[in-house]
Amino acid sequence: MTWDELSQSCMGRPWSVPWNVLPGDQGAAPPQGEWVSRKGMKSYGYSLVHLR
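Here the structure is a predicted model, which means the values were calculated and not measured.

Which residues make up the overall build of the protein, and what are the values?
The secondary structure content of the protein amounts to zero helices and four strands. Helices (α) and strands (β) of the protein occur, in sequence order from the N terminus, as β-β-β-β. Here the protein holds 52 residues, and 15% of them are scored as buried. Looking at the protein as shown, the accessible area adds up to about 4300 Å², and 60% of this sits on carbon and sulfur atoms.

As structure tokens, then:
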């Protein structure tokens, strides 16, 4: 998940399991898969993949 310290709000998180992995527990990179994020009043869905 991504967290904005200033506003104390969640800005993005995995849409599918494991959706509850905290940033400190996710390792060097966020988990791959479907994600949802927000910017202002809008939400965005996307697929996060790791590239080599």
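Let's pick the thread back up.
Go over the confidence of the model for the protein, please, and point to the residues and values.
For the protein, mean pLDDT is 79; residues scoring 70 or higher make up 83% of the total. Looking over the protein, one finds the lowest element-wise mean pLDDT in strand E1 (residues 2–4), namely 77, and the highest in strand E4 (residues 42–48), namely 88.

Now, about the sheet that holds E1: what can you tell me, with residues and values included?
Ordered by their spatial adjacency, four strands build an open sheet running E1-E2-E3-E4, and the pairing between neighbours is antiparallel. At either end of the open sheet lies a strand with only one pairing partner, and these are E1 and E4. The average undirected angle you get between the axes of adjacent strands in this sheet is 20°. Where E1 meets strand E2 (residues 9–14), three bridges bridge the pair, whose relative direction is antiparallel. Bridge pairing links Asp4 to Ser9 in E2.

Calculation criteria
Residues numbered from 1 in each chain as written. Predicted model: local features only at pLDDT ≥ 70, side-chain atom pairs only at ≥ 80, totals over all residues. Heavy atoms only, no water. Helix = DSSP H or I, 4+ residues; strand = E, 2+ residues; numbered from the N terminus. Buried < 20%, exposed > 50% of the residue type's maximum accessible area, 1.4 Å probe, protein only. Areas by Shrake-Rupley, 256 points an atom, 1.4 Å probe, with all protein chains shown as cover. pLDDT = per-residue confidence, 0-100. Pairing = 2+ DSSP bridges. Axes fitted to C-alpha atoms, helices over the stretch in contact; angles between N-to-C directions.

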